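What follows is each chain in one-letter form.
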Amino acid sequence: MSEHIVSSYDRDLEVLGRRIAEMGGIAEKMLAEAMDALANFDIELAHRVVATDQRLDALQREIEENAILTIARRQPLAIDLRECIAAMRIAADLERVGDLAKSIAKRTVKILSEARVPRAIIGLKTMAEVAAMQLKDVLDAYAQRDVERARAVWTNDSELDALEDSVFRDLLTFMMEDPRNISFCTHLLFCSKNIERIGDHTTNIAETIVYLVTGEAMPTDRPKGKSSSISPSVETDEPSQ
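Residues numbered from 1 in each chain as written. Predicted model: local features only at pLDDT ≥ 70, side-chain atom pairs only at ≥ 80, totals over all residues. Heavy atoms only, no water.

Re the nonpolar core
Nonpolar side chains tend toward joint burial in soluble globular proteins.
Argument step 1. If you look at the biggest cluster of nonpolar residues, it comprises 69 residues, and the most contacted ones within it are Leu 38, Leu 94 and Phe 184.
Argument step 2. Elements that contribute at least two residues to this core include exactly helix H1 (3-40), helix H2 (43-74), helix H3 (78-110), helix H4 (122-144), helix H5 (147-155), helix H6 (157-177) and helix H7 (182-214).
Argument step 3. With 13 residues, H1 is the largest single contributor of residues to this core.
Argument step 4. With sequence-adjacent residues up to four places away left out, Leu 94 is seen in contact with Ile 20, Met 23, Gly 24, Ala 27, Leu 56, Leu 135, Leu 139 and Ile 205. (Core = buried A, V, L, I, M, F, W, Y, C linked by side-chain atoms within 4.5 Å. Buried < 20%, exposed > 50% of the residue type's maximum accessible area, 1.4 Å probe, protein only. Helix = DSSP H or I, 4+ residues; strand = E, 2+ residues; numbered from the N terminus. Contact = heavy atoms within 4.5 Å.)

Printed below as a string of structure tokens:
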């Protein structure tokens, strides 16, 4: 390749990296604000989280389009090809993190009229703090191409699974104590599953980073904490527009 082509190609990859960083920042903020909205029953903030998801969707589409164009124009090989593939994979996972944060914000709006059990949210806040730290670590690992940090995120996913199981038991106790808590706590069960799924997408990103840097796939079986067999399935929102 000529120096001009190489320089142009480097700029293409740099743009992809900047967009991933922007998506990561938005996803982190959405998760934090969704949990703040839930903890404080802040409907205005919840609506703001829902609206922010459009920007995340737009960035994901832009990254995918740019990565495909880069592959078509440059026909990269080895690690350069993996850079493009990794960008598309990570963007897709970050878009899902945004969807799950949006789902938590929507739940906040739904439970406004329900009987509230403030202490029931304590466990969820702990889960969200762990998920947020894992997300920050994996985004730093991507920026630094740090394989060991990515592997640590992958390994630590079991902590979030264990916390989800603990939250499930707590919420079940609150529902048994007073039937009036059932509806409110059921909404929180879905929120806890959404946070656990955010952890799964973070782990996906960690796997992608290892693939990007080494060209090797992580083991198929992830480390898992104990999880309740009757924990609710992840909530599905309408497709992103």
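Overview of the confidence of the model for the protein
A low pLDDT means the predicted coordinates there should not be read in detail.
Argument step 1. Confidence in the prediction for the protein averages 89 pLDDT; 89% of positions are at 70 or higher.
Argument step 2. For the protein, the element scoring lowest by mean pLDDT is H1, at 89; H4 scores highest, at 97. (pLDDT = per-residue confidence, 0-100.)

Here we look at the environment of Arg 61
Argument step 1. Structurally, the position occupied by Arg 61 is in helix H2.
Argument step 2. With 34 residues separating them in the primary sequence, Arg 61 and Glu 95 have C-alpha atoms 9.6 Å apart.

Focus on empty space enclosed by the protein
The rolling of a water-molecule-sized probe over the atoms marks out the regions of remaining empty space.
Argument step 1. By the definition in use, this model includes 1 cavity of 30 Å³ or more.
Argument step 2. The computed volume of the largest cavity comes to approximately 40 Å³.
Argument step 3. Gln 134, Val 153, Asp 157, Leu 160, Gly 199, Thr 202 and Thr 203 together form the lining of the largest cavity.
Argument step 4. Of all the secondary-structure elements, those providing two or more residues to the lining of the largest cavity are H6 and H7.
Argument step 5. Per-element accounting of the lining of the largest cavity gives the leading share, 3 residues, to H7.
Argument step 6. Its residues assigned to classes, the lining of the largest cavity comprises 2 nonpolar, 4 polar and 1 charged. (1 Å grid on protein atoms, 1.4 Å probe; cavity = no way out; pocket = protein on both sides within 12 Å on 5 of 7 lines; lining within 4 Å. Points joined across faces, edges and corners; volume = space filled by probe spheres on them. Nonpolar A, V, L, I, M, F, W, Y, C, P; charged D, E, K, R; others polar.)

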